[in-house]
Structures are given as structure tokens and as C-alpha cells.
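Fold and contact review
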Amino acid sequence: MTTSIRTCPLCEATCGLEIELEGDRVASVRPDHDDVFSKGFICPKGVSIKELHEDPDRVRTPLIKQPDGTFAQATWEEAFAEIDRRLTPLLEEHGRQAAAIYLGNPSAHNLSAILYGRVFLKALGTKNVFSASTVDQMPKQVAAAHMFGTELSVPVPDVDRTDFLLILGANPLASNGSLMTAPGMRHRLQAIQDRGGRVVVVDPRRSRTAQVADEHLFIRPGTDALLLAALVHTVFDEGLEDLGRAAPYAAGLDELREAVDPFTAEAVAGPTGIDADRIRALARELAGTPRAAVYGRIGTTTQRFGTVASWLVDALMTVTGHLDAEGGGMFPLTAAGSLNAGPQKPGRGAKVGRWASRVRGLPETLGELPAATLAEEMDTPGDGQIRALFTIAGNPASSLPNSGRFTRALAGLDLMVSLDIYVNETTRHADVILPAPSALEHSHYDLALYAFAVRNVANYSPPTLPRPAGMPDEWETLLRLALIAAGQGPDGDIAPLDDFVAEQLIERQGGDADALRAAVSGRRGPERLLDIMLRGGPYDLTLEALEAAPHGIDLGPLQPRLPDLLRTPSGKIELAPPALLAGVPALEAALAEQRNGGLLLVGRRHLRSNNSWMHNLPVLARGPERCTLQVHPDDASRLSLSDGATARVTSRTGTVTAPVEVTADVMPGVVSLPHGWGHDVEGTQMSVAAERPGTNSNVLADEELLEPITGTAVLNGIPVEVGAA
Ligand SMILES: Nc1nc2c(c(=O)[nH]1)N[C@H]1C(S)=C(S)[C@@H](COP(=O)(O)OP(=O)(O)OC[C@H]3O[C@@H](n4cnc5c(=O)[nH]c(N)nc54)[C@H](O)[C@@H]3O)O[C@H]1N2
Ligand SMILES: Nc1nc2c(c(=O)[nH]1)N[C@H]1C(S)=C(S)[C@@H](COP(=O)(O)OP(=O)(O)OC[C@H]3O[C@@H](n4cnc5c(=O)[nH]c(N)nc54)[C@H](O)[C@@H]3O)O[C@H]1N2
Ligand code: SF4
Ligand SMILES: [Mo]
């Protein structure tokens, strides 16, 4: 028996796992009680990593699509040769824009994908880059880039020291937190209450988090920006503004005051469904509590005013003196890969709008185009039409709006390659599937997620188990794809390219390049890049130091970082950047909108699920049906729907059926269906998931409904009609 300690890669909480091995067999998975951050917390998904590793349906060898549509196992050499054989002439004939990349969510948890995905992307040389970010957090990152200067400068609620936490559109008891890396949120919320503080949840559903909160306010989907504008308005109106630590660095206070002028508590009460008195009281409580924070997540970003709402969350914390203050919204300082370490210096501003999509002319944000446009870029003929698609750890046929159209578009591609571990709704369309090692067979370091952690920590995990013979690590596969894309054939040497990547990083980082080069010379791949970043980082760490600390290194609670972290062109906190003010007229128009009595669809998450791809693990799949349509009793009786009956849900883009769950936990006028289901399509190889397939809610999400500033899809607040099937 041996024990391996590693960080769970399955969600943003970064829990420590203690894995007991009998030879190469996983005997058990338990919480690592000595983990400096998670301290013994794990959730059921963490335990399921054993089943994920052992899942007989997980792809273990490359697969090549045969003329009859089935997949045949292939060697790595054959798979790369096939990609080269088909990609190279396609790029020659149609140009680089004919290729596209879609990066899915697990890429953000994966060192190989973060560090080497961009190498492949560069080699491919296309502007058709898409990711799950534009069905997720892009509005928050763009708002942060405009306000603070980088897309990683997102204020994180200092949950462990706050006495008042206002949560909008997040359910961390199910999701375990997002853009807020904080293992064990239940205990952290409980601790707020234990020290006499309060937790208030704003959500159109009485979520599990709402159930443990001190107060829950139902809100009409898509109206959070109105509520937040009214909170900011009230702060000014009642003379409660006090910028605290932010005062010397804030610009645009008058413009912000003017922008929120129309949004009185009375004006937003109707549209949001929240009493004006309650809104005013909330503003007073926030302003009057010395340690208070506001946190908005998926329900505030993937909706019609996502970027404005994301901006106003941080503007609200700033005008109430809670930005960069203990117990408020604070900025982590990561050990590696920080974009805002070191002293304050003017930056280049948010990287947006440098190019536009071909069909709808939607602007680029942070180097990518809105994923909701991917289908039309594939199915609309003309110069620049996408003919080859690479998916990297993504299941866009399940996660993007209008799945019907998207899936038809996939079928029309000339070439599709998927770097993935399952044959699922998306990858069944691939011509070549390249598998990745199991989650236990590669190293791990949360380069991305520590940027949003409620404590500064660093934790590196070596592989728990060796890779199967012949299986490359994902970074090696990505470098090989980069060589193919660069026209260097399927069997070039990836080592010089890896050296080049490391050399570029060393040069970018500055300092004594020779010393750094020498110090990391014994390493390759992600380990070398990570070591370079750690050595150049603010704590002067090394990978060796992390290797010697399997339970992680605690770098302490979050520290005030103003003005050092500011990277805006002005060097200030921009409270009213023009790009965000541009969203205000539409918000004002929403004040006068008449409700038509129609139903709005929202999503939700369940603790034992993970987007679309963990429904094949028996330990998680057990229990009651999860893919149900939640309907309020009033709506249910109006629509003659009874509990357990089958409902038919229709939107502009499609129709699905789902079992009805009548519950007063969802507000009247709102129905809720989780995403990531619909495993009953032909050609997938997920036998457990197929037994209880559920339905794909994104058949209903409309690719025309986008948040205007970032092009992020509206996945919450979709107009639908519901009736008995
Ligand atoms: N209606 C609605 N739609 C939504 C959402 C919603 O709330 N409502 N949420 C959105 C959000 S927040 C997100 S992040 C997206 C997610 O969108 P995606 O990232 O497109 O989808 P996932 O379901 O996370 O699929 C992950 C894929 O990665 C594969 N995979 C898992 N581990 C690995 C690995 O280690 N290596 C490789 N190469 N592949 C791996 C899985 O097999 C799966 O195919 O969905 C979005 N879509
Ligand atoms: N168990 C589990 N954990 C996960 C995932 C998973 O699928 N399962 N996915 C991971 C991913 S990719 C992400 S991005 C995170 C997301 O993490 P969270 O943001 O916490 O996601 P949800 O649990 O979906 O919570 C969103 C809440 O928003 C509410 N909501 C919907 N519309 C609105 C609205 O207009 N206004 C307001 N105020 N609320 C609204 C929904 O009812 C729901 O309760 O979770 C991650 N963790
Ligand atoms: S909360 Fe997230 S990181 Fe922690 S064990 Fe569960 S899935 Fe893994
Ligand atoms: Mo996400």
C-alpha cells in the first residue's frame, strides 16, 4: 500500500485528496486532512475520481472514424498521420480561418491545456478561437479588465473574514464555488453565521445555498443589474458612500452616480420583484457593516445584462468601502502566472474588439469570439467558413445554445478532431479522437484557479500513477498538433518546440535569464514552465519547494493590494469605463418593459453532477432523477401539470420534454432545467449515462440571445412555453 496526495481537478475548489494505492490499483480516495486549504473537505465528486480512472467507457487509445461511421482504435502514429493528411491540404486550400478551436471547461483545470493550448492555437493561426468562457464568466473578466486593468483582477469575497455576504446567482453548496476558490463553502458560510454575520442570497430559486442563508430574495431572471444599480443608487442617494481604501485611486465616481440615477429602489422593485424598502435596507446593511462583500456568479453572468451586473457588483463594493478591504472583495496574489504582481503600472486596457466574427460581426473579447456564433460560422457558406474544428476538453454540442443547429453544423464539417476522454454528444462527430491520460496520470497545479482563491496558496501534485505505455501527456499531444498545424508533419520532434516555449517565457519574465535557464534546465514540459513562473513570482517559490510540500504551501490570507495591482491605462480604478457605461441605456429601457406573463427558463447545478461529463460514473449517477423541470405550484396548476408528469418546453429554437417537479422553491413565472443532459443520442459510448439520459436544455437556449458587451450567451432567463406533453 502506498499513499499519494493530490489536488482534485474536478471543480474550482481545489480540494486535497489522499489516494491509497495497492500497486497501480486505486484502493480508496479520502480527504487529505493535512491539505493547507481544504483541511479535510471533499465532495462526492472527489471520491468518484476512482471510478473516473477505472471507467471502462473512458477512451484509452486514439480512435479514427471509419467510412461506415464507426470508430476504430488506432495507434498514435496513425492518428497524427490522419490529422496531418487531412488538415494540411484543407489549410492550403481554404486558409487558416477555415480552422477553429473550442476549448472546454476542464482546460481551465489542466496545466497542459493552459500552458500548451496556446502554442497549438498560435500554430494554427486562426482567429476562430472559442471557449466555454462565453457561456460562463467572460462578462466578469471583461468588467474586471475595464475596471482594474487585467482579466484576472477579479475581486474575490474574503469569506473567512466577512460579516455580511450578499450572493447573487450562485449556489456554492452545489457548485462548490466559482471565481471563488474556497473548498468547503458550507463550513465557511456557517462560520459567518457563527460569528454573528449574515448571508443573503438573491436567486429565482430557493437553492441549497439559499436554504442555509439567513435571508433569500427571489429575483426575476435577468434583472440583477437593475437591483445592483438600485443598491448603488441608494448608497449615493442616502449619502452612504465611503470608498475607504479605494478612495485615492478611484476615477469616475461622478459618472457612476449619474449612470445609476434612473435606478431608484422604487423603479426597479417592479421588474426585479423585490420590495423597494428591502432594497434600501440591503444597501444600508452593506454600507453599514465594516466587513461585507458582494459575490455574483453564473446567474449574473450568463444573462442579458451580464457584464453590467458584473461591473456593478464591484462598483457597489467600491462605493461602500469594501473593495480591497478585509472581509470585502479582495485581490489574490498568486505564486505563478499573475498578471498584476509587482508595483502599479499603466496597462494597455481591456483586450476587446480587435476583430469581429465573420457572420454576425460580433466583437472579439480577450482573444476569442462568442461561442454562440460557432454554429453559424460552421454552417454559413462563404470565404472564411469554418471547415475544421478542434475541440479540446469540451462538449459544445451539450453546452452551447441551440444544440440542434450546432449538432447539424458539426455533421457538415470536413474535419473534426477532439482531444477528449469520452465518445459523447460532441466527440461522436469527430474524425479523430485523441485521448488524454486519466486525471490520476498527469501532474496538477491550479494555475488559473488560484487567481480567484480566498487564500493565497500553492499546491503541486505529481502524477499519482504512471501513464499507460505509449500514451503521451496532453502537452505532448498539443505540441504535436502544433507541429502539424505549422506544416511540419506528423512525426516532427516536439522537444525543440518545448525548448522554444520555455525560452520565450524566460525572456518575457525578465531578470537574470541565464540563471533562470540553468535553474530549470533539468525539467521539461509544464513542470519547466511552472518552475520558471514560480521563480519569477512574488513569493520566489520553486517547484522543488512545492514538491517537498505535498499538502500545499499556505501563503496566508488575502492582503490589501491597492494600488499595486492596478493595470488600467490611467493607473486608476475605473468606476465608470465607457465600454460598460454603454450598457446602461438598455438597462434603463428594461425599467419600462411590460411583463407579458410568459415563463422564463433558468438552469441549476447539482452536487453530484459536473456540466455534461460526469454522468457516466455509477457512484454519482445513483439517486433520484436530476434532470427535472422545476415548476412553481401556481404555474403548475395553471398549466395543468402535476408532479411527475411530462412537460413539453418550447422556445424559439426547439422543444424538449422533461419530467415535472412541482416545487415552491422556484419562483412563480420561472421554470428550471439543468444543462449537460440528453445522453440518448446515437453514437455515444457512455453506457451508464445513457441509462438515465435526461434532456438537453440547450436545445432551448437561443444563439441569438446574447449579452451585448461580450457576446456571452443568455442561458438564464430564456422565454419558453410550457405545457403537458
Ligand atoms: N444552459 C446552460 N448551458 C451551460 C451552462 C449553464 O449553466 N446552463 N453552463 C456553462 C458553463 S459555466 C460551462 S463551463 C460550459 C461547459 O462547457 P464544456 O466545457 O463544453 O462542457 P463540459 O460538459 O464541461 O465538457 C467537458 C469535456 O471535457 C472532457 N474532459 C474531461 N476531462 C478531460 C481531460 O482531462 N482532458 C480532456 N482532453 N478532456 C477532458 C469531457 O469528456 C467533456 O467532453 O457549459 C455552459 N453551458
Ligand atoms: N456540482 C457541480 N459543480 C460545479 C459544476 C457542475 O455542473 N456541478 N459546474 C462548474 C462550473 S463550469 C461553474 S461555471 C460553476 C458555477 O457555479 P455557480 O455560479 O454557483 O452555479 P449554479 O450552481 O448553477 O448556481 C447558479 C444559480 O443562479 C441562479 N440563477 C439563474 N438565473 C438567475 C438570475 O437571473 N439571477 C440570479 N440572481 N440568479 C439566477 C440559479 O437558480 C442557480 O441557483 O460551478 C462549477 N461547479
Ligand atoms: S469540491 Fe470540487 S475540488 Fe473538492 S472534491 Fe469536490 S469536485 Fe473535487
Ligand atoms: Mo463554467
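Definitions and limits used
- All chains use their own residue numbering, which begins from 1 and follows the written sequence.
- As they are written, the chains are lettered A onward and the ligands numbered 1 onward, keeping that order.
- Reporting in this predicted model follows two pLDDT cut-offs: at least 70 for local features of residues, and 80 or more for side-chain atom pairs to be given and counted; totals over whole chains, interfaces and linings ignore these cut-offs and use all residues.
- Here the side-chain values reflect all heavy atoms present in the structure, with hydrogen atoms and water set aside.
- Secondary structure elements follow DSSP: runs of H or I no shorter than four residues count as helices, runs of E no shorter than two count as strands, and numbering proceeds from the N terminus.
- In a helix, the anticipated span is given by 1.5 Å times the number of residues less one.
- Residue burial is assigned from relative accessible area. The probe radius is 1.4 Å, only protein chains are included, and a residue is buried under 20% of its type maximum, exposed over 50%, and partly exposed in between.
- Throughout, a residue-residue contact means that at least one pair of heavy atoms, one from each residue, lies within 4.5 Å.
- If a single non-hydrogen atom of a residue is within 4 Å of a molecule or strand, that residue counts as near it.
- All amino acids are sorted into three groups, where Ala, Val, Leu, Ile, Met, Phe, Trp, Tyr, Cys and Pro are nonpolar, Asp, Glu, Lys and Arg are charged, and the leftover types, Gly among them, are polar.
- UniProt positions are given in the numbering used here, feature names are shortened, and annotations may be inferred rather than shown by experiment.
- In this analysis, axes come from line fits to C-alpha atoms, helices being fitted only over the stretch in contact, and the angle between any two N-to-C directions falls in the range 0 to 180 degrees.
- Rotating anticlockwise by less than a right angle from the far helix to the near helix defines a left-handed crossing, while the corresponding clockwise rotation defines a right-handed one.
- Each domain's extent is set by a domain assignment, obtained either automatically or from a database.
- By convention, the term buried area covers the 1.4 Å-probe accessible surface removed from two parts as they join, with the contributions of both added.
- By convention in these notes, a salt bridge is any Lys or Arg side-chain nitrogen within 4 Å of a carboxyl oxygen on Asp or Glu.
- Whenever a nitrogen or oxygen atom comes within 3.5 Å of another N or O atom, the pair is scored as a polar contact, on the condition that within protein one atom can donate a hydrogen and the other can accept it, and that pairs from neighbouring residues in sequence are kept only if both atoms are in side chains.

As recorded by an unreviewed UniProt entry, the protein carries the name Molybdopterin-dependent oxidoreductase and is attributed to Svornostia abyssi.

Turning next to helix α19 (residues 495-509). End to end, α19 covers 21 Å across 15 residues, agreeing with the expected 21 Å (1.5 Å per residue, within 8%). Among the residues making up α19, those that are buried are Leu 497, Asp 498, Val 501, Ala 502, Leu 505 and Ile 506. Where α19 is buried, its residues contact α4 (111-124), α18 (474-485), α20 (513-519) and α21 (525-536). Of the residues flanking the end of α19, it is Gly 510, one or two places downstream, whose phi is positive at about 75°.

Further remarks concern the site of ligand 3. Residues in close proximity to ligand 3 include Cys 8, Leu 10, Cys 11, Ala 13, Thr 14, Cys 15, Phe 41, Ile 42, Cys 43, Lys 45, Gly 46 and Asn 176, which together make up its full environment. Along the lines of polarity and charge, the residues of the shell around ligand 3 split into eight nonpolar, three polar and one charged.

This brings us to the UniProt feature "domain: 4Fe-4S Mo/W bis-MGD-type" (unreviewed entry) in the protein. Per the UniProt entry, the sites bearing "domain: 4Fe-4S Mo/W bis-MGD-type" (unreviewed entry) are residues 1-57 in this numbering. For residues 1-57, the helix share is 18%, the strand share is 35%, and the end-to-end C-alpha distance is 27 Å.

Once that is clear, we can look at the packing of helix α11 (residues 265-272) against helix α12 (residues 276-288). Where α11 meets α12, the closest approach of the two axes is 8 Å, and the angle between their N-to-C directions is 115°. Crossing angle aside, the handedness with which α11 passes α12 is right-handed. Only Ala 276, Ile 279 and Arg 280 of α12 make contact with α11, whose side of the interface consists of Ala 265, Glu 266, Val 268, Ala 269 and Thr 272. Here the contact of α11 with α12 is built from residues that sort into five nonpolar, one polar and two charged.

Frequently, the measure chosen for interface size is the accessible area that the parts lose on association. Entries for the protein in the domain assignment read domain 1 (1-54), domain 2 (58-127 + 362-452 + 460-488), domain 3 (138-332 + 570-587) and domain 4 (596-724). Spacing between the C-alpha centres of domain 3 and domain 4 amounts to 27 Å. Across the contact, 30 residues belong to domain 3 and 24 residues belong to domain 4. The junction of domain 3 with domain 4 conceals about 1,900 Å² of combined surface from both sides, 65% of it contributed by carbon and sulfur atoms. The largest per-residue losses of area from domain 3 upon contact with domain 4 belong to Arg 205, Pro 221 and Thr 302, which jointly make up 30% of the total buried on that side. For Asp 665, the salt bridge is made with Arg 206, and the minimal N-O distance between the two is 3.6 Å. Taken together, the connections running from domain 3 to domain 4 amount to five residue pairs in polar contact (both at pLDDT 80 or more). Contributions of two or more residues to the side of domain 3 that touches domain 4 are made by α5 (138-148), α6 (172-175), α8 (208-212), α13 (298-301), α14 (306-319) and α23 (578-581).

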